[in-house]
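One letter stands for each residue in the lines below.
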Amino acid sequence: MRQIHKSEAQPVRTFVAALKWPVASLLITGGLHFMLEAVWPDLKTIFIPAALAPLLLAYGMWVGYRAITVGGNHGHAIVAAAALGVLPIMLDVVGFGLILGRGTHAGLLSGIFGFAFILFGSLIGSGFALSGASTAAKRMTVAA
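Just so you know, the residues in each chain are numbered from 1, in the order the chain's sequence is written. For this predicted model, a pLDDT threshold of at least 70 governs which residues receive local features, and a threshold of 80 or more governs which side-chain atom pairs are given and counted, while totals over whole chains, interfaces and linings are taken from all residues. Side-chain measures here rest on the full set of heavy atoms in the structure, leaving out hydrogens and waters.

K.L.:
What's the story with the overall build of the chain in this structure? I'm lost.
P.N.:
Check the secondary structure of the chain and you find 5 helices and 0 strands. Numbering of helices and strands starts at the N terminus; helices are DSSP runs of H or I of at least 4 residues and strands are runs of E of at least 2. For the chain, the α and β elements follow one another from N to C terminus as α-α-α-α-α. The criterion used for residue contact is that any of the two residues' heavy atoms lie within 4.5 Å. Within the chain, contacts between residues separated by at least 24 positions form 77% of all contacts whose residues are at least 6 apart in sequence. Per-residue accessibility takes into account occlusion by the displayed protein chains alone, with areas from the Shrake-Rupley method and a 1.4 Å probe. Here the chain has roughly 8600 Å² of accessible surface; of this, 74% comes from carbon and sulfur atoms.

Next up, the structure:
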């Protein structure tokens, strides 16, 4: 049996650490969103992609920033965001498109929009973490 070298396990640890809480939180958020729209269908006019974009952007920023702070690089942050971005696609296509009967095409477009905003957020969050802005802010706080 082949032993896994510590350096080979590092990307897996990075992804698990970066994705654990954002995935759990996004599943809860998506489940609540689905239940609310199943109970009150008229909410579909309020829960439109443009209204949900800031929330998805924040999830992407969270996973991008977290990927860097647990030892990953820009590539890890992008891959982690892509993995997280699959969740809105699945919810929109299966949940809203098939189960609530809104059509798979509309669900796919909405899911791709959600995927893109999570990816955009990850680029912002990982870029912020990589820029050293967070450590500069800590130094300023300590100095004051």
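K.L.:
I tried to follow helix α4 (residues 104-131) on my own but got confused; where do I start?
P.N.:
Along an α-helix, residues three or four apart share an orientation, since each turn contains 3.6 residues. To estimate how far a helix should extend, the number of its residues minus one is multiplied by 1.5 Å. In this model α4 runs 40 Å from its N-terminal to its C-terminal C-alpha over 28 residues, within 8% of the 40 Å that 1.5 Å per residue would give. Per-residue accessibility, obtained with a 1.4 Å probe over protein chains only, is compared with the maximum for each type, and a residue is labelled buried under 20%, exposed over 50%, and partly exposed between these values. Gly107, Gly111, Gly114, Ile118, Gly121, Ser122, Gly125, Ser126 and Ala129 are the residues of α4 that are buried. In the segment just after α4, Gly132 is the residue with positive phi, at about 80 degrees.

K.L.:
Looking at this structure, how should I read helix α3 (residues 74-99)?
P.N.:
For α3, which comprises 26 residues, the first-to-last C-alpha distance of 36 Å matches the rise-based estimate of 38 Å (1.5 Å per residue) to within 8%. Fitting axes to the seven residues ending at a residue and to the seven starting there, one defines the bend at that residue as the angle between these axes. Along α3, the largest kink reaches about 25 degrees and is centred on Leu91. Structurally, the start of α3 carries an N-cap: the backbone nitrogen of Gly75 is 2.9 Å from a side-chain oxygen of Asn73. Under the rule applied, a polar contact is a pair of N or O atoms within 3.5 Å (in protein, one hydrogen donor and one hydrogen acceptor; residues adjacent in sequence only if both atoms are side-chain atoms).

K.L.:
Explanation requested: the nonpolar core in the structure shown.
P.N.:
In summary, soluble globular proteins display a tendency toward joint burial of nonpolar side chains. The definition of a nonpolar core used throughout is a set of buried Ala, Val, Leu, Ile, Met, Phe, Trp, Tyr and Cys residues joined through side-chain atoms within 4.5 Å. Residues Leu19, Leu26, Val63, Leu84 and Ile118 are the most contacted members of the largest nonpolar core, which totals 15 residues. Listed by contribution, the elements that provide at least two residues to this core are α1 (6-39), α2 (49-69), α3 and α4. The residues contacting Val63, other than those within four sequence positions of it, are Ala18, Leu19, Pro22, Ala80, Ala81, Leu84 and Ser122.

K.L.:
Looking at this structure, I do not really get the environment of Trp62. What am I missing?
P.N.:
Relative to the elements of secondary structure, Trp62 occurs in helix α2. Taking the C-alpha atoms as reference points, Trp62 and Pro22, 40 residues apart in sequence, are found 7.1 Å from one another.

K.L.:
Looking at this structure, I do not really get the layout of surface pockets. What am I missing?
P.N.:
Left-over empty space is what a probe sized like a water molecule reveals as it rolls over the atoms. Here a cavity means grid points, on a 1 Å grid over the protein atoms only, where a 1.4 Å probe fits yet cannot get out; a pocket means an open set of points with protein on both sides within 12 Å along at least five of seven lines; lining residues are those with an atom within 4 Å of a point. Grid points are joined across faces, edges and corners, and a volume is the space filled by probe spheres set on the points. Size it by volume and the largest pocket reaches roughly 580 Å³. Along its surface, the largest pocket is lined by 27 residues, and His33, Leu52, Leu91, Asp92 and Phe96 are the ones closest to its centre. Among the elements of the structure, α1, α2, α3 and α4 are those that each provide at least two residues to the lining of the largest pocket. The element that contributes the greatest number of residues to the lining of the largest pocket is α1, accounting for 7 residues. Ten residues, namely Ala, Val, Leu, Ile, Met, Phe, Trp, Tyr, Cys and Pro, are considered nonpolar, four, namely Asp, Glu, Lys and Arg, are considered charged, and the remaining ones, Gly among them, are considered polar. Of the residues contributing to the lining of the largest pocket, the split by class is 16 nonpolar, 7 polar and 4 charged.

K.L.:
Just checking my understanding: could you explain the pattern of salt bridges for this structure?
P.N.:
Two side chains bearing opposite charge may form a pair once their charged atoms approach each other closely. Salt bridges are identified by distance alone: a Lys or Arg side-chain nitrogen within 4 Å of an Asp or Glu carboxyl oxygen. Throughout the structure, instances matching the rule amount to 1 salt bridge. Two residues, Arg102 and Glu37, come together in a salt bridge whose shortest N-O distance is 2.5 Å. Within this pair, whereas Arg102 is found in the loop between α3 and α4, its partner Glu37 is found in helix α1, the two being separated by 65 residues in sequence. On the accessibility criterion, Arg102 (29% relative accessible area) is partly exposed.

All we've got here are geometric facts, nothing functional implied.
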